[in-house]
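Secondary and tertiary structure notes
Here's the letter readout for the chains.
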Amino acid sequence: MDATPHPTDEPSTAEPGATAGTPAGTAPADPELADPAPAGTDAAPARALWGERTGVRQYTGRNGRGAEVLIGPGDAEGVFSPGELLQLALAACTALSTDHVLRGRLGDDFPAVVGVSPHPVDGENRYGSFDVELVLDLADLDDEQRAKLAERVERTAGRQCTVARTLDAGTSHELAITHEPMTDES
């Protein structure tokens, strides 16, 4: 398990300037949203994330921590499409954001599967909404305990899942085209 402090879903007693639900001096719910390190410090650089072209409509997504994911069109074998990665990001963020709540109620080694179903918008190249489902073994909980856990998980995911919060708020993006020689012509 990670050592990052997890904010609770109880009312915040955070100091002014702390991330909502996170006491001052601790990491925000999503470390990728942390402020960059001050200039002149020995802190690690901002995380790098990029895709590298490996073939026709094929990319390998990489991050600065050494992880890789194969990306390509939805009909290609052995790759994730960008739409699938978006869906997985939402599902995984929901599960990771609520893991501490579920561990507290179900124990450290609880089995779980998280799924996501898209609802495309007819005639448009986009999704209108997604359904995320956490499949859990709740046999040891009575109906009231299940309802309370579901409420707590939904509340925590609503506050801590950066991907869901970003999708819910709507976001913009910009595309820049940069010239940089990439072949050795010596």
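Up top you'll find the structure we're talking about.
Residues numbered from 1 in each chain as written. Predicted model: local features only at pLDDT ≥ 70, side-chain atom pairs only at ≥ 80, totals over all residues. Heavy atoms only, no water.

Brief notes about the overall build of the chain
Of regular secondary structure, the chain possesses three helices and five strands. Overall, the chain shows an N-to-C arrangement of helices and strands of β-β-β-α-β-β-α-α. Buried positions account for 20% of the 186 residues belonging to the chain. When contacts within the chain are restricted to residue pairs at least 6 apart in sequence, long-range pairs at least 24 apart make up 39% of them. (Helix = DSSP H or I, 4+ residues; strand = E, 2+ residues; numbered from the N terminus. Buried < 20%, exposed > 50% of the residue type's maximum accessible area, 1.4 Å probe, protein only. Contact = heavy atoms within 4.5 Å.)

Here's the deal with the packing of helix 1 (residues 82-106) against helix 2 (residues 143-160)
Between helix 1 and helix 2, the least distance of the axes is 8 Å, while the angle of their chain directions is 145 degrees. Two packed elements cross with a definite hand, and for helix 1 against helix 2 that hand is right-handed. Residue-level inspection shows T94, S97, T98, H100, V101, L102, R105 and L106 of helix 1 in contact with helix 2, the latter providing Q145, L149, R152, V153, T156, A157 and Q160. In terms of residue class, the contact of helix 1 with helix 2 is made up of six nonpolar, seven polar and two charged. (Axes fitted to C-alpha atoms, helices over the stretch in contact; angles between N-to-C directions. Left-handed = near helix turned anticlockwise from the far one by under 90°. Nonpolar A, V, L, I, M, F, W, Y, C, P; charged D, E, K, R; others polar.)

Side note on the pattern of salt bridges
For side chains bearing opposite charge, pairing can occur when the charged atoms are close. The final tally for this structure, using the stated rule, is seven salt bridges. Two residues, E68 and R62, come together in a salt bridge whose shortest N-O distance is 2.9 Å. What makes E68 exposed here is its relative accessible area of 54%. Between E124 and R126 there is a salt bridge; the shortest N-O distance is 2.6 Å. Residue E124 is classed as partly exposed on the basis of its relative accessible area, which comes to 44%. We classify R126 as partly exposed; its relative accessible area is 45%. Residues joined by salt bridges that share partners form a network here, namely E52, R62 and E68. (Salt bridge = Lys/Arg side-chain N within 4 Å of Asp/Glu carboxyl O.)

Considering the nonpolar core
Core analysis: the largest hydrophobic core is formed by six residues, namely V101, L102, F110, L141, L149 and V153. Contributions of two or more residues to this core are made by helix 1 and helix 2. Dropping the residues within four chain positions of it, L102 is found in contact with G107, F110, L134, L136, L149 and V153. (Core = buried A, V, L, I, M, F, W, Y, C linked by side-chain atoms within 4.5 Å.)

Observations regarding the pairing of strand 3 (residues 68-71)
Sheet analysis places strand 2 (residues 58-63) next to strand 3, joined by four bridges and oriented antiparallel. Paired with G61 across the strands is V69, a residue of strand 3. Following strand 2, the chain reverses through four residues before pairing antiparallel with strand 3; G66 in that reversal takes a positive phi of roughly 95 degrees. (Pairing = 2+ DSSP bridges.)

Some points on the side chain of S97
Counting through the fold element by element, S97 comes out in helix 1. A polar contact of 3.4 Å, which involves the side chain of S97, links it to the backbone oxygen of Q160. Among residues more than four places away in sequence, those in contact with S97 are T156, Q160 and C161. (Polar contact = N/O pair within 3.5 Å; in protein donor to acceptor, adjacent residues only side chain to side chain.)

Some words on the side chain of Q87
Residue position: Q87 is located in helix 1. According to the relative accessible area criterion, Q87 is buried, its value standing at 10%. Aside from chain neighbours lying at most four places away, what touches Q87 is V116, P118, Y127 and F130.

Topic: the sheet that holds strand 3
Taken in spatial order, the three strands line up as 1-2-3 in an open sheet, and their pairing is antiparallel. Each edge of the open sheet is held by one strand with a lone partner, namely strand 1 (49-55) and strand 3. The average undirected angle you get between the axes of adjacent strands in this sheet is 25 degrees. When strand 1 meets strand 2, the two strands line up antiparallel, connected through six bridges. Residue pairing across strands places W50 opposite R62, the latter belonging to strand 2.

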